[in-house]
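Results of the structural survey
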Amino acid sequence: MIFRAVEDADLIHQAARGAVEAYNLLVSRWEKRVYNYLLRITGNREDALDLTQDVFLKAYQNLRKLDDPGRFAPWLYRIAHNEAYSMFRKRRPETDVDELEPESVENGIAFGGSTVFPIELSLAVAGALERLSPDQREAVVLKIYQGFKFEEMAEILSCPVSTVKSRLYSAFDLLKAELAPIRTRGVS
Amino acid sequence: MSCSPFDLKDYWLHELDGPRQVEVEEHVQNCQACREELDRLRLTQTALMSLGEEEMPRRIAFVSDPVFEPPLWRRVLAGFWGSGPRLGFASAALLSIAILVSALTRPAPAPVPGTVTVIRDAGAPGIGGDEIDRRIQAAIASSEARQTRKAEELVKRIEDRDRRQLEALRLAAAQEVDYYRRNERVLTANYGALRPQEGEAR
């Protein structure tokens, strides 16, 4: 007997033919990552959860339009990005999306998984991320936390690679400056 | 400002192709400033990674309800019934196919052998337009004569019936008159003397 891990592409093919169970398996593989991506750019758990459900529903409805199953991840995150910004526009239609800021750190993002780091560092990182612009923050989230390549980020954000790099590197410069005092105080 | 041959952040993020990645790596081994910059970037990344991923408050799952997922043939049929233009197109296509099949399978009309044989055996010459007119006129005349004869017979029959009815009426009237006359004679004979005299009744 030969065991072979079911690839995402197999699940996508089956789901596109209406196999809901295959799609549920696909969702279980990606929901946590998509949820955390949306959580980082919205800063609100309820919004992130609602958007995650909307994203996977929309993805299921449009799965047949996905020509290359190998591009599933950027395609899915593109939907997530659009859904999040659509929500921003609906809530504050007369406000530039770049001016939107997530909720304060006291309400929002958790610091779980940092047992090897002091809570002070996690708080400092969360605060530093909040002080970035939404574009910069999203670029950091896609690159550092989600691990996308520049070309994929450009596809997700619908902008040139040069713009992606500009946002990301300016964000790094700000984060380095913000986090340097914490590091020099010696958290380790 | 970095002295690296390529962007140090690109190298750190593994966005350079193989040869360039190697080139920067060799440069960094011999460049203190670039090594320190790389250390800062790594520390920043390490700090960022201190924020772990959150678990979802609840999982997402989709349910397939068979009530809302009819079989393929039914969906195709519903698609046709739900669309006027498509239904019209399908009807026109079916009609075209039926006409085509009928045209291809229907045999050509064959001549009636008997009629042709009779004319050929009779040795009749070709019938011209005058002959046709003559025959038509003859047929019309024959028909008119037949109709006239039938009309005359019908008129004669009606006149006979009327005459018989009239004679029957005359006979009945004569019998009625005769009956009244006989009654009058009998009454006169029996009761004529009992009639009151004029002036006695008063």
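In the block above lies the structure referred to throughout.
Nothing here was measured: the structure is a model prediction, and the numbers come from that model.

Reading the values: the criteria
Residues numbered from 1 in each chain as written. Chains lettered and ligands numbered in written order. Predicted model: local features only at pLDDT ≥ 70, side-chain atom pairs only at ≥ 80, totals over all residues. Heavy atoms only, no water. Helix = DSSP H or I, 4+ residues; strand = E, 2+ residues; numbered from the N terminus. Contact = heavy atoms within 4.5 Å. Polar contact = N/O pair within 3.5 Å; in protein donor to acceptor, adjacent residues only side chain to side chain. Expected span 1.5 Å × (residues − 1). Bend = angle between axes of the 7 residues up to and from the residue. Buried < 20%, exposed > 50% of the residue type's maximum accessible area, 1.4 Å probe, protein only. Salt bridge = Lys/Arg side-chain N within 4 Å of Asp/Glu carboxyl O.

1. Structural notes on the overall build of chain B
On a plain count of helices and strands, chain B comes out with seven helices and zero strands. Its helices and strands in sequence order give chain B the pattern α-α-α-α-α-α-α, from N to C terminus. Partitioning the intrachain contacts of chain B with sequence separation of at least 6 by distance along the chain shows that 32% fall at a separation of at least 24.

2. Brief notes about the side chain of A:Asn36
When you line up the elements, A:Asn36 lands in helix H2 (residues 20–42). Only 2.9 Å separates the side chain of A:Asn36 from the backbone oxygen of A:Lys32, close enough to count as a polar contact. Those residues in contact with A:Asn36, other than ones at most four positions away along the chain, are A:Gln146, B:Glu53 and B:Glu54.

3. Let's talk about H2(A)
All names here are of chain A. Between its terminal C-alpha atoms H2 stretches only 29 Å, short of the 33 Å expected from 23 residues at 1.5 Å a residue. Along H2, the helix axis deviates most sharply at Trp30, where the bend reaches about 45 degrees. Judged by how many residues are buried, H2 sits mostly within the fold: 17 of 23 residues are covered.

4. With respect to the pattern of salt bridges
Enumeration according to the criterion identifies 21 salt bridges over all chains in this entry. A salt bridge links A:Lys32 to B:Glu55; its shortest N-O distance comes to 2.6 Å. Here A:Lys32 is found in helix H2, whereas its partner B:Glu55 is found in the loop between helix H3 (32–48) and helix H4 (72–81) on a different chain. When salt bridges with common partners are traced through the structure, they connect A:Asp173, A:Lys176, B:Lys9, B:Glu37 and B:Arg40 into a single cluster.

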